[in-house]
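Understanding the architecture of this molecule
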Amino acid sequence: MHLNLDTTPWQHVGQAVDDAGKHQPVGYWHETVSVTPGAPLAERLQCDVAIVGGGFTGLSTAYHLKQHKPSLDVVLIEAGVVGHGASGRNGGFVMPLLGWDLLYAADKLGDKTAGDAYRVMYDAVDYVKRTVTEQQLECDLEATGYLLLNTCAAREKRARREYDAAHRLGFDHQWLEGADLDAYIRSDQFISGVFDPHPCIVNPAKLARAMKQLIESMGVRVYEQTPLLELRDEQPVVLRTPEGEIRAQQTMLAVNGYGEALGLMKSRILPVHTFIVLTEPLDDEQLAQTGWSEKRASLESARNFIHYFRLTADNRILFGGEDAKLYYGGRYYDADEDVFDALKGRFRAYFPSLHDVTFTHQWGGVLGISLDMFPSFGTTGDHENIFYAAGYSGHGVALSNYAGAIVAPLMLRAAGEAGVPEPAHTPFFVGRRPTWMGMEPFRYLGVQAYRALLRVQDRIQGA
Ligand SMILES: Cc1cc2nc3c(=O)[nH]c(=O)nc-3n(C[C@H](O)[C@H](O)[C@H](O)COP(=O)(O)OP(=O)(O)OC[C@H]3O[C@@H](n4cnc5c(N)ncnc54)[C@H](O)[C@@H]3O)c2cc1C
């Protein structure tokens, strides 16, 4: 395996730092944190583990490696600044979703495997809540629970089946309609819903920056503005950056949707984009009109192309989804005006009383999607010293934060570290290789056709 970015202009993560060395925020969350970009790597160094990517996956891997073995020499390089990718831009929903939904997982994997995997996902949600509290990570965490809203009869029927499957597998979902639903949210667009009390919401950029501080306090060396340009699959692994070089006994590729640009999991994990619009802060009266004032549950509409919406700590509404876009050739974008317009239109349909509310921010980002929407963790290369975790398919906040709890023991055991216990349970997505989705232009055309099909289905169902 040899990853080399020299042949493409190195731009795919976008500009995180301007020419004067100042952080360039992407979206609202980045404006709520103060970021002084760290200096790039400008030397040759050796270390035990080199982590590529300063999102939740990379941060979590560093954290868990150091927790297991404080003396381990761990270096993390990030092309932009920590939290520049999806981890600092997402909706902040910390949820147990895996695959399309629990019903899909049970149909595809069987009750036993799906139940075990979903238990790992609930562990991941609990883990985020626990770690934020124990490590005092300031990230506006709110334990709101999560409500999936049905907007049409067809989706309600599927939600019923999913609700039954959840109970069969031992999860305490609650069915809501009528006054019980109105207690959470009021809109004539929502006919019923399924409430899960466990999920929470966070300010993701704050969480990423707090994790950076935490791992640095544990002795991890973090280099921002340091893109990986070339990786040589040797023992040790050689990682070349614009002004430096790292020789690492092991490496972790924590680049999720950006893996495509590195040639990692090419056409197996696709760089798909999702977008968000955000309102000005709402006052008490505006909030009361939506019924959102008492319970602040995070919300999602049940459709193929979901909408996800939540309140921020200062009572703005964050509204995302509506479409999911793969651009030709796997290109990367932070904005898509068509999707922003469609999101605003949908927002007004859901909340007509808020028709004159102003939108102050809009942004997007890239995530990694596999064909069956399940993630993939494992090793690659000839020497069993290159690890990866990716393909969370739109709901990776919980699992990417938990990724290190799964990957760090694998890495330490592979390095022959004594006393690292075998995991009690290895989720099915460890060691699996997602399906290959073909070359361009066939891949792009195939995805467009599939996307059109899903949109038509949403339209026919009235979702
Ligand atoms: C707009 C949006 C909304 C979302 N909303 C939610 C949500 O509400 N809930 C949820 O569960 N999930 C959500 N997701 C998905 C979730 O954010 C991701 O699954 C998760 O953050 C993945 O984390 P990661 O660390 O694996 O990847 P990332 O956060 O993307 O981190 C990868 C990092 O690698 C860096 N990088 C890339 N290439 C290189 C290179 N060559 N050298 C060095 N560094 C490199 C990038 O700059 C980036 O910082 C959303 C995603 C987006 C884009």
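The structure contained in this document is the topic of the report that follows.

Around the ligand, the structure places 40 residues, and the nearest of them are T57, E78, S87, L228 and V397. Residue G92 places a main-chain N or O atom 3.3 Å away from an oxygen atom belonging to the ligand. Between the ligand and F93, the relevant distance is 2.9 Å, taken from a nitrogen atom to a main-chain nitrogen or oxygen of the residue. Its free accessible area being 1,000 Å², the ligand has 99% of it covered by the protein chains. Residue assignment for the shell around the ligand shows that the elements contributing at least two residues are helix 2 (56-68), strand 13 (270-279), strand 17 (359-369) and helix 11 (397-414). Of all the elements, strand 17 adds the most residues to the shell around the ligand, at three residues. Classifying every residue of the shell around the ligand by side-chain character gives 20 nonpolar, 18 polar and two charged.

Next up on the list: helix 2. Here helix 2 is 13 residues long and its end C-alpha atoms lie 18 Å apart, about the 18 Å a rise of 1.5 Å per residue gives. Helix 2 sits mainly inside the fold: 11 of its 13 residues count as buried. Taken residue by residue, helix 2 has F56, T57, G58, L59, S60, T61, A62, Y63, H64, L65 and K66 as its buried positions.

Counting across every chain of the model gives four cavities of 30 Å³ or more. There is about 60 Å³ of room inside the largest cavity. Taken together, S60, Y127, V128, T131, V132, L137, L207, M211 and N401 form the lining of the largest cavity. Elements with a contribution of two residues or more to the lining of the largest cavity: helix 4 (111-134) and helix 7 (204-217).

This part covers the pairing of strand 19 (residues 386-390). Counting buried positions over the five residues of strand 19 gives five, a clear majority of the element. Residue alternation in strand 19 divides its side chains into two sets, I386, Y388 and A390 and F387 and A389, and both sets are buried. Taken together, the three bridges between strand 12 (residues 244-253) and strand 19 define a ladder with parallel strand orientation. Opposite T251, over in strand 19, you have I386 as the bridge partner. Direction of pairing for strand 18 (residues 376-380) relative to strand 19: antiparallel, over a ladder of five bridges.

Attention shifts here to the sheet that holds strand 5 (residues 146-150). What the eight strands build is an open sheet, ordered 6-7-5-14-15-16-13-17; its pairing is mixed. Only two strands of the sheet have a single partner each, and these edge strands are strand 6 (174-176) and strand 17. On average, each strand axis in the sheet is tilted by 20° relative to the strand beside it, whichever way the strands run. Bridge count for strand 5 against strand 14 (residues 298-301) is four bridges, and the pairing is parallel.

By size, the foremost hydrophobic cluster in this structure holds 85 residues, and its most contacted members are I51, L65 and F377. Sorting elements by how many residues they give to this core places helix 4 first, with 11 residues. Beyond its immediate chain neighbours, meaning those up to four positions away, F377 contacts Y388, A389, A390, Y392, L399, A403, I406, V407, F429, V430, G431 and R432. Counting 29 residues, the second-largest nonpolar core is a separate cluster that includes L176, I185, F275 and I317.

About the thresholds
Residue numbers here run from 1 along each chain, matching the order of that chain's written sequence. A pLDDT threshold of at least 70 governs which residues receive local features in this predicted model, and a stricter bar of 80 or more applies before side-chain atom pairs are shown or counted, although totals over entire chains, interfaces and linings include all residues. To get the side-chain values, take all heavy atoms of the structure and skip hydrogens and water. Only heavy atoms are used to decide nearness, and a residue is near a molecule or strand if one of them lies within 4 Å of it. Each polar contact in these results corresponds to two N or O atoms within 3.5 Å; when the atoms are within protein, one needs to be able to donate a hydrogen and the other to accept it, and residues that are neighboring in sequence are counted only if both atoms are side-chain atoms. Per-residue accessibility takes into account occlusion by the displayed protein chains alone, with areas from the Shrake-Rupley method and a 1.4 Å probe. Helix numbers and strand numbers start at the N terminus; a helix is a DSSP run of H or I with at least 4 residues, a strand a run of E with at least 2. Any residue that is not Ala, Val, Leu, Ile, Met, Phe, Trp, Tyr, Cys, Pro, Asp, Glu, Lys or Arg is counted as polar, Gly included; the first ten are nonpolar and the last four charged. An expected span of 1.5 Å times one less than the residue number is assigned to each helix. Accessible area is worked out with a 1.4 Å probe on protein chains only. A residue is then buried under 20% of its type maximum, exposed over 50%, and partly exposed in between. With a 1 Å grid spanning the protein atoms alone, the term cavity applies to any set of points in which a 1.4 Å probe fits but cannot get out, the term pocket to an open set with protein on both sides within 12 Å along at least five of seven lines, and the term lining residue to any residue with an atom within 4 Å of a point. Grid points are joined across faces, edges and corners, and a volume is the space filled by probe spheres set on the points. At least two DSSP bridges between two strands are needed for those strands to be called paired. Each axis is a line fitted through C-alpha atoms, taken for helices only over the stretch in contact, and angles between the N-to-C directions span 0 to 180 degrees. To form a nonpolar core, buried Ala, Val, Leu, Ile, Met, Phe, Trp, Tyr and Cys residues must be joined to one another through side-chain atoms within 4.5 Å. Should any heavy atoms of two residues lie within 4.5 Å, those residues are considered in contact.

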